[in-house]
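The chain contents come next:
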Amino acid sequence: QVQLVESGGGLVQAGGSLRLSCAASGTIFAINAMGWYRQPAGKQRELVAAFTNFGSRNYADSVKGRFTISRDNAKNTVYLEMNRLQPEDTAVYYCYARQRGYDYWGQGTQVTVSS
């Protein structure tokens, strides 16, 4: 029903910035939650930033103050602005959405931060 497509990943030096985009398409009624997860190689997937069903924003402690999640409802797009990137931020970043009890995931986009 809902398709999520991420873009904006790439290679960046430590201290640099990237902006990820996630465009949603398909049958959209009322998305209850939307956000970003990441999965470093060989590690568990973790929450990075998300909008709750009430519109508030949650951030992982490791990115608080550096990353900002935002959205453009007219474009059905959510963004993740990543600043002062560190090698520890290297991971595949996944867009996530929840609607009517179903979870939807994007294909992921690689972010690599070099020292």
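Provided above is the structure to which this section pertains.
Heads up: these notes are all about the structure in this document. (Residues numbered from 1 in each chain as written. Predicted model: local features only at pLDDT ≥ 70, side-chain atom pairs only at ≥ 80, totals over all residues. Heavy atoms only, no water.)

**Points about the packing of aromatic side chains**
Counted according to the given criterion, the structure contains 3 aromatic pairs. With a centroid separation of 5.5 Å and an interplanar angle of 70°, the aromatic rings of Tyr37 and Tyr96 are classed as edge-to-face. Of this pair, Tyr37 sits in strand 4 (residues 31–39) while Tyr96 sits in strand 9 (residues 91–99), and the two are 59 residues apart along the sequence. A residue is classified by how much of its surface remains accessible, and Tyr96, at 11% relative accessible area, is buried. Taking the centre distance of 5.1 Å and the plane angle of 65° together, the rings of Tyr37 and Trp105 count as edge-to-face. Note that Tyr37 is positioned in strand 4 and Trp105 in strand 10 (residues 102–105), a separation of 68 residues in sequence. For Tyr37, a relative accessible area of 22% gives the class partly exposed. The aromatic ring of Tyr94 is capped on one face by Arg45, whose charged end is 3.8 Å from the ring centroid. (Phe/Tyr/Trp six-rings, centres within 6.5 Å; stacked < 30°, edge-to-face > 60°. Helix = DSSP H or I, 4+ residues; strand = E, 2+ residues; numbered from the N terminus. Buried < 20%, exposed > 50% of the residue type's maximum accessible area, 1.4 Å probe, protein only. Lys NZ or Arg CZ within 6 Å of the ring centre and 35° of its normal.)

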